[in-house]
Amino acid sequence: MEVGQVVKGKVVEILKFGANVELKDGEKAFVHISKIAPTYVKAVSDHLSVGQEVEGKIVGKTRDGKWELTLKDTSANSSEGKSEEKKVNNDFEKKLAKFMKDSDRKLSEYRRRLDKKRGKKERR
């Protein structure tokens, strides 16, 4: 096995900060919580379960000799992740546009009230 290779395995243990995976050839691997999905992962158990078959890319070795995997960059997960990421980005863009519009309106109202208080003529 080498870095960059895509491998398949079975989740054997869920941890607070990741998951242990047994690869097809009997070797051990570890997936850190930050490498499970392209979006924020609050709990590993929301994305993985014991006995689940996973496909991951080898990114290196851990200190204790296990292979380190990422589930983000595999072809099976990447198309799913990209559409989910696109949806999140679209939601963010809509919220940002609404915020900017509301902010401009409120700032304009604030300036009008301030000018009225100061006795200035209304702007056009």
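Residue numbering note: each chain is counted from 1, following its sequence as written. Two thresholds apply to this predicted model, a pLDDT of at least 70 for residue-level local features and 80 or more for giving and counting side-chain atom pairs, whereas whole-chain, interface and lining totals are computed over all residues. Calculation of side-chain values draws on the structure's entire complement of heavy atoms; hydrogens and water are dropped beforehand.

### A few points about the confidence of the model for the protein chain
Then comes step 1: The quantity called pLDDT is the predictor's confidence in a given residue, expressed from 0 to 100. For the protein chain, mean pLDDT is 83; residues scoring 70 or higher make up 85% of the total.
Then comes step 2: Confidence drops under pLDDT 50 across residues 75–79; counting only partners more than four residues distant or on other chains, this segment forms six contacts. Two residues qualify as a contact provided that any one of their heavy atoms is within 4.5 Å of a heavy atom in the partner residue.

### Let's talk about the packing of aromatic side chains
Then comes step 1: The aromatic pairing rule takes the rings of Phe, Tyr and Trp, using the six-membered ring of Trp, and pairs them if the centres are within 6.5 Å, calling planes under 30 degrees apart stacked, those over 60 edge-to-face and the rest tilted. A full pass over the atoms with the stated rule returns one aromatic pair.
Then comes step 2: A centroid spacing of 5.9 Å and a plane angle of 50° characterise the contact between Phe 17 and Phe 30, whose relative ring orientation is tilted. Of this pair, Phe 17 sits in the loop between β1 (6–15) and β2 (18–23) while Phe 30 sits in strand β3 (residues 28–32); the two residues are 13 residues apart in sequence, bridging distant segments of the chain.
Then comes step 3: The cut-offs for exposure are 20% and 50% of the maximum accessible area for each residue type, with area from a 1.4 Å probe on protein chains only; residues under the lower value are buried, those over the upper are exposed, and the others partly exposed. Using a relative accessible area of 46% as the deciding quantity, one classes Phe 17 as partly exposed.
Then comes step 4: Note on Phe 30: relative accessible area 12%, which makes it buried.
Then comes step 5: Seen from the ring of Trp 67, Lys 61 lies directly overhead, with NZ or CZ sitting 4.5 Å from the centre. Counting from the N terminus, the helices are the DSSP runs of H or I reaching at least four residues and the strands are the DSSP runs of E reaching at least two. Each ring is checked for a lysine NZ or an arginine CZ that lies within 6 Å of its centre and within 35 degrees of its normal; such an atom marks a charge sitting over the ring.

### Topic: the environment of Val 31
Then comes step 1: By the element assignment, Val 31 lies in strand β3.
Then comes step 2: In this structure Val 31 comes out as buried when scored by relative accessible area, which is 0%.
Then comes step 3: Along the chain, Val 31 and Ile 58 lie 27 residues apart, while their C-alpha atoms are 9.6 Å from each other.
Then comes step 4: Every residue in contact with Val 31, bar those within four places of it in the chain, is listed here: Phe 17, Gly 18, Ala 19, Val 21, Ile 36, Leu 69 and Leu 71.

### Considering the pairing of strand β4 (residues 53–61)
Then comes step 1: When β1 meets β4, the two strands line up antiparallel, connected through five bridges. Of the residues in β4, the one forming a bridge with Lys 10 is Glu 53.
Then comes step 2: For two strands to be treated as a pair, DSSP must find at least two bridges joining them. Of the strand pairs in this sheet, β4 and strand β5 (residues 67–70) are connected by four bridges, and their pairing is antiparallel. What sits directly across from Gly 60, in β5, is Glu 68.
Then comes step 3: Turn length for the β4-β5 hairpin, with the two strands adjacent in sequence and antiparallel, is five residues, and the turn residue Gly 65 shows positive phi of about 90°.

### Brief notes about the sheet that holds β1
Then comes step 1: Sheet architecture is closed into a barrel: five strands sit in the order β1-β2-β3-β5-β4, paired in mixed fashion. For this sheet the average axis-to-axis angle between neighbouring strands, irrespective of direction, equals 50°. To get an axis, fit a line to the C-alpha atoms, keeping to the stretch in contact for a helix; angles then go from 0 to 180 degrees between the N-to-C directions.

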